[in-house]
Each structure stands twice: as C-alpha cells, then as structure tokens.
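Reading the structure
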Amino acid sequence: MAATARKARATVTRGTRAAWLEAAVRVPIDAAERVGALLVEAGSHGVVTGVRELARGARIRRHETVRGFFPAGDAVRARLAVRAALNRNVDPTLRRAPIAWRELDARLWEMDWREHFQPVVAGRSLVVVPPWNRERFGTRRRIVIHPGMAFGTGQHATTLSCLETLERLASPPPARALDVGTGTGILAIALAKLGVRVVLAVDTDPQAIAAARANVRRNGVARRVRLSSVVLDARTAAHRYPLVVANLYVDVLVALEPTLAGLVTPGGALVTSGVLRAQQARLRRAFASPRWRLARALRRGAWVTSVFTRET
Ligand SMILES: C[S@@+](CC[C@H](N)C(=O)[O-])C[C@H]1O[C@@H](n2cnc3c(N)ncnc32)[C@H](O)[C@@H]1O
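Keep in mind that this is a model prediction, so the values were computed, not measured.

Across all of its chains, the model carries 5 aromatic pairs by this definition. An angle of 25 degrees between the planes, with centres 4.8 Å apart, marks the rings of Phe287 and Phe308 as stacked. A residue pair is termed long-range when its members are at least 10 positions apart, and Phe287 in the loop between helix 10 (280-286) and strand 13 (292-300) and Phe308 in strand 14 (residues 303-310) qualify at 21 residues. According to the relative accessible area criterion, Phe308 is buried, its value standing at 2%.

Right, dumping it as structure tokens:
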C-alpha cells in the first residue's frame, strides 16, 4: 500500500479488542524501501511509507517512517520476526532502528486504510479499487478488494508486477490457473476477470482464505474461483495448470520448487514474485534444472518478478 495521506490518528479504543499491530520504523530515506521489504518478509500484510513526514509538511525529508501491519493475535511472533529481520541487516543504522509498536482496533484500522487505499491502475485493462470507491475507469475491469486480514491490495510492487504479468500471459486466457499464496485473492480474481474459467487459489493462512472468500463474492467470480487452505501436493493434485502464479517469499519458493514443477503443465508458465533483487540469484539456482527456463525477469523497486516456462 502506498502512502500520500495525512497522519494516521488510530489508537486502541478502551475495551475494544485490537485487530492489528502496527510496527513503525523510522529510518534514513534511502533505506525505506529495504525496510518495507523486511517488514513484508516478517509477515506484514501491508506497508505504508512516509505518511508522518508528509503530515508534518517536511519539504526535505531525510527520514521516513515505514509502517507494517500484523494480525494482533500473532503479536509475539510479529515482534520477534520484525526485530530479527532488522538485526539480520548488515547496515548498523537498521540494526539499531527503534520500532514503535501500537495496537489498532478493526474500526480505526479501517479508517486508516480509507486514507491510504487509492485505486491502482494495472497494465492496460485492470484497476484495483477499495469497496468504497465509486470512480469509473473507462473499460478497465474493476477488482474490488477489501484487505481484511490479508496481504494484497495491488499497491505493493510485487502484486502490481504480478497483475501486469498475468494480464500479458492470460491473453488469450488459459482454461485453468493456480494462485499459490492468494492473500486477499487479488490475483485469482484478476485471472477470473481476464477470462480464466477455473482458478484454484490456495493459502496456508485461514484468515487470508476468509478475506479472499469475501473478495471473490464481492467481485461476482465465486463460480470461477475455488479457494482452499489445503497444502499443495503435486502427487495428489487433480490437475496441472498452464498458468501458475506464486507471489510468496524466496524461502517458500525454493522449498516449493519440486511441487510447482509437478503442478505446471509442460509448456506452461510459472510467475514468481516476492523476491528481492539480492535474492534473485538464489531463486535462479533453485529453478536451474532443465525443466525450467527463465523467460523474463521484471524489476520494480527492490523486487523481481520472474516468468519461468516449464520445458519438459
Ligand atoms: C505476499 S502474500 C501475496 C498475496 C497476493 N497473492 C498478492 O500478490 O498480493 C503471500 C501469501 O502467501 C501465503 N503463503 C505463505 N506460504 C505459503 C505456502 N507454502 N502455500 C500457500 N500459501 C502460502 C501467505 O499466507 C500470504 O497470504
């Protein structure tokens, strides 16, 4: 999620159960993108950068506050993961960076989101909008997303690059497609709206599946998109897919390589994302077997989105 909004005012209302935990990390401006990536790797469902400095009307910004959002039910894990992600960094400024934590209840978090969630125009034919947006975008297909407890509003570079890549690969649309790590369901919904008749969308996080289910209904594509939290297994899968997208994290992609190889139809395409530039060599090593060919690598900010074709 991008940020051009006013200062967020959210705090926890007394007696209201917190839904989200916000980690705010103030860092030198040139480190902001890296820190955003670290927060996502640590499990953040979205990242907002620079809001507070803009709010103060700063003309020359030397620092930025990067904010990440974690489900409040997982507070201990989130705190450990964020600290560990910063500590792993070679840059001592980031290792020492203070983290301000606060809790947000669902209502205030939504108010905060309403300020930040602007429509995202993707490729030539798609636009991602929040449910409260009524603007018209010509003939673009609207993908209506409420973020719920899941990642994927189109504002993050990896999601946007996946949308653009899928738009190209789904022309003409294949009969079926698989979305691994669906989050809000955004990519699965886009595939359905691009004309794919059967989309299987999986996620290991049940909260993501619940958010995706609501979004799938909102978009009127429930007959095309099937959601599942079953862990993928190529041996028991009912189908292979000519188009698979996996916007995950490098560790997960590397571990899933043999499974993905069994799920992509020979001649089909696998889109991977969630990989930082510095991690791309590792991804390529994991997909170095002759069964894969790297057809394309698209850089956006700190991230790389790749298209591998299944050769044999
Ligand atoms: C970075 S989000 C991507 C969300 C959305 N597809 C997008 O492009 O914005 C990654 C999602 O993958 C899910 N995930 C992580 N490991 C997974 C695995 N092994 N299998 C399926 N889903 C996984 C997470 O729960 C999370 O919802």
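Below, the discussion takes up the pairing of strand 10 (residues 225-228). The pairing of strand 9 (residues 198-202) with strand 10 spans 4 bridges and is parallel. Bridge pairing in strand 10 places Leu200 opposite Arg226. A crossover connection joins strand 9 to the parallel strand 10 through helix 8 (residues 206-218); in handedness this β-α-β unit is right-handed.

Another point: the sheet that holds strand 1 (residues 18-28). An order of 2-3-1-4 is seen for the 4 strands of this open sheet, with the pairing classed as antiparallel. Two strands bound the open sheet, and with one partner strand each, they are strand 2 (47-49) and strand 4 (99-105). Each adjacent strand pair in this sheet contributes to an overall mean axis angle of 25 degrees, direction not counted. Judged from the 9 bridges that link them, strand 1 and strand 3 (residues 63-71) form a sheet pairing that is antiparallel. The partner of Trp20 across the bridge, within strand 3, is Pro71. Running at roughly 110 degrees to strand 4, helix 5 (residues 106-116) makes contact with strand 1, strand 2, strand 3 and strand 4 of the sheet.

Taken together, the neighbourhood of the ligand is formed by 15 residues, with Gly152, Thr159, Gly181, Asp203 and Asn247 sitting nearest. Within the backbone of Gly181, one N or O atom sits 2.8 Å away from a nitrogen atom of the ligand. Contact between the ligand and Thr182: a nitrogen atom at 3.4 Å from a main-chain N or O atom of the residue. Alone, the ligand offers 600 Å² of accessible surface; in the complex the protein occludes 87% of this. With respect to the detected pockets, the ligand is housed in the largest pocket. For the shell around the ligand, the residue count by class is 6 nonpolar, 7 polar and 2 charged.

Should the pLDDT be low somewhere, the predicted coordinates at that spot are not to be read in detail. Looking at the protein chain as a whole, its pLDDT mean stands at 87, while 91% of the residues score no less than 70. Ignoring residues within four places in sequence, the model shows residues 1-15, a span with pLDDT below 50, making 45 contacts including any to other chains. A low-confidence stretch, residues 51-58 stays under pLDDT 50, and its non-local contacts, those more than four residues away or across chains, total 23 contacts.

Next up on the list: the environment of Arg83. Here Arg83 is to be found in helix 3 (residues 75-87). Residue Arg83 is classed as partly exposed on the basis of its relative accessible area of 28%. Placed 212 residues apart in sequence, Arg83 and Ala295 show a C-alpha to C-alpha distance of 36 Å.

The rules we used
Residues numbered from 1 in each chain as written. Predicted model: local features only at pLDDT ≥ 70, side-chain atom pairs only at ≥ 80, totals over all residues. Heavy atoms only, no water. Phe/Tyr/Trp six-rings, centres within 6.5 Å; stacked < 30°, edge-to-face > 60°. Helix = DSSP H or I, 4+ residues; strand = E, 2+ residues; numbered from the N terminus. Buried < 20%, exposed > 50% of the residue type's maximum accessible area, 1.4 Å probe, protein only. Pairing = 2+ DSSP bridges. Right-handed = clockwise from strand over helix to strand, strands pointing away. Axes fitted to C-alpha atoms, helices over the stretch in contact; angles between N-to-C directions. Contact = heavy atoms within 4.5 Å. Near = heavy atom within 4 Å. Polar contact = N/O pair within 3.5 Å; in protein donor to acceptor, adjacent residues only side chain to side chain. Areas by Shrake-Rupley, 256 points an atom, 1.4 Å probe, with all protein chains shown as cover. 1 Å grid on protein atoms, 1.4 Å probe; cavity = no way out; pocket = protein on both sides within 12 Å on 5 of 7 lines; lining within 4 Å. Sits in = over half its atoms within 2 Å of the grid points. Nonpolar A, V, L, I, M, F, W, Y, C, P; charged D, E, K, R; others polar. pLDDT = per-residue confidence, 0-100.

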